[in-house]
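Chain residues, written in single-letter form:
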Amino acid sequence: MTLSGQRILIVGATSGIGRGIALGLADDGARVAVIGRHPGRLEEIAADLAARGAVGAAFGADVTDRDDVARAVAEAATALGGLDGAVNVAGILDAAGPVGDIDPHAWDRVIATNLTGTFNVMQAEIRVLQRPGWMVNVSSTFGAHLRTPGLAAYAAAKAAVTALTRTAALDHASAGVRINAVSPGPVDTPMSVRPGETRDQRDRRVASANPSGRVARIEEIVDAVRYLALATYTVGADLVVDGGAAA
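Residues numbered from 1 in each chain as written. Predicted model: local features only at pLDDT ≥ 70, side-chain atom pairs only at ≥ 80, totals over all residues. Heavy atoms only, no water.

Looking at this structure, how should I read the overall build of the protein?
When you go through the protein residue by residue, the secondary structure sums to eight helices and seven strands. Rg of the C-alpha trace for the protein: 17 Å, near the compact-globule value of 18 Å for 247 residues, within the 12% margin. Taken over the C-alpha atoms alone, the protein extends approximately 45 × 40 × 35 Å along its principal axes. A fraction of 72% describes how many contacts in the protein between residues 6 or more apart in sequence connect residues 24 or more apart. Within the structure as shown, the protein displays about 11000 Å² of accessible surface, and the carbon and sulfur contribution to it stands at 53%. The average position of the 23 basic charges and that of the 26 acidic charges among the side chains of the protein differ by 3 Å. (Helix = DSSP H or I, 4+ residues; strand = E, 2+ residues; numbered from the N terminus. Rg over C-alpha atoms; globule rule 2.2 N^0.38 Å. Contact = heavy atoms within 4.5 Å. Areas by Shrake-Rupley, 256 points an atom, 1.4 Å probe, with all protein chains shown as cover. Lys, Arg positive; Asp, Glu negative; His and termini not counted. Charge placed at Lys NZ, Arg CZ, Asp CG, Glu CD.)

This is the structure in structure tokens:
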């Protein structure tokens, strides 16, 4: 079994891990549609996908808007002629700082995007996925597996994404939808660089704390998604890809 010819939707594909997943699965021969918030970046990823021979259909939507998401997912499924799989990556890192100092509005933005946004896209995708079909949610080790001071909102949202994923997996496995999560540790994207920190400083910080001595390459997260997409007896898993930090 391969991903060649599969019709796959990537939500949150305009940068970072999501962009890498979209391009990586397109290189596997998948037909890929993407959803994102930024029109200019959507045009760029659509052009990159088309250059690889993928369908490259791109749709704008805000994952916090349930109706907007439902429309975009339905349009993506129509453009691909059906949907075999989906990868949900959209998320933000905001509301950093001690719990007592977090701006409540920033907390709400993180929960609305990372948790409720994931619920919104999952619900829309479950309605249109072919049977059998599959779904992978991108969670994080900084939630269900590790705690980091100053990341309460992000950690709470991502821990809840893991719980949502595993519960949804039980809800829908018998109907032919396999749902799993991948939880990356620090990945070589701008999100892993702290405010005021350079990329080199980030690399030294991670090297001193991570058993593997480095951040993950985006391609290594793509490998995990690829595995979960093809692992037909894997249901409700949260695949940790963090170089051993949560071991």
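Additional details are given in the paragraphs that follow.
I would appreciate a short explanation of the layout of surface pockets in the present structure.
Leftover empty space is mapped by rolling, across the atoms, a probe with the size of a water molecule. For the second largest pocket, the calculated volume is near 150 Å³. Surrounding the second largest pocket, Arg19, Gly20, Leu23, Gly24, Asp27, Arg52, Ile218, Glu219, Val222, Asp223 and Arg226 form its lining. Contributions of two or more residues to the lining of the second largest pocket are made by helix 1 (16–27) and helix 8 (218–230). Residues belonging to the lining of the second largest pocket are distributed by class as follows: three nonpolar, two polar and six charged. (1 Å grid on protein atoms, 1.4 Å probe; cavity = no way out; pocket = protein on both sides within 12 Å on 5 of 7 lines; lining within 4 Å. Points joined across faces, edges and corners; volume = space filled by probe spheres on them. Nonpolar A, V, L, I, M, F, W, Y, C, P; charged D, E, K, R; others polar.)

Explain the pairing of strand 5 (residues 129–138) to me, please; I cannot follow it from the model alone.
Every regular strand shows the same layout, with side chains that alternate between the two sheet faces. Within strand 5, seven of the ten residues are buried, which leaves it mostly tucked inside the rest of the structure. Two elements, strand 4 (residues 83–88) and strand 5, share five bridges in a ladder whose sense is parallel. Residue pairing for strand 5: Leu83 is matched across the bridge by Leu129. Taken together, strand 4, helix 4 (residues 104–128) and strand 5 constitute a β-α-β crossover, and its handedness is right-handed. Sheet topology places strand 5 next to strand 6 (residues 177–184); six bridges connect them, and they run parallel. (Buried < 20%, exposed > 50% of the residue type's maximum accessible area, 1.4 Å probe, protein only. Pairing = 2+ DSSP bridges. Right-handed = clockwise from strand over helix to strand, strands pointing away.)

Whenever I open this one, helix 3 (residues 66–80) confuses me. Can you help?
Along an α-helix, a turn takes 3.6 residues, which lines up residues three or four apart on a common side. Here helix 3 is 15 residues long and its end C-alpha atoms lie 21 Å apart, about the 21 Å a rise of 1.5 Å per residue gives. Every buried residue of helix 3 is listed here: Val69, Ala72, Val73, Ala76, Ala77 and Leu80. Viewed end-on, helix 3 has its buried residues packed into an arc of 135°, placing them on one side of the element. Turned more than 90 degrees away from the buried face of helix 3, the exposed residues are Asp67 and Thr78. (Expected span 1.5 Å × (residues − 1). Arc of directions from axis to C-beta.)

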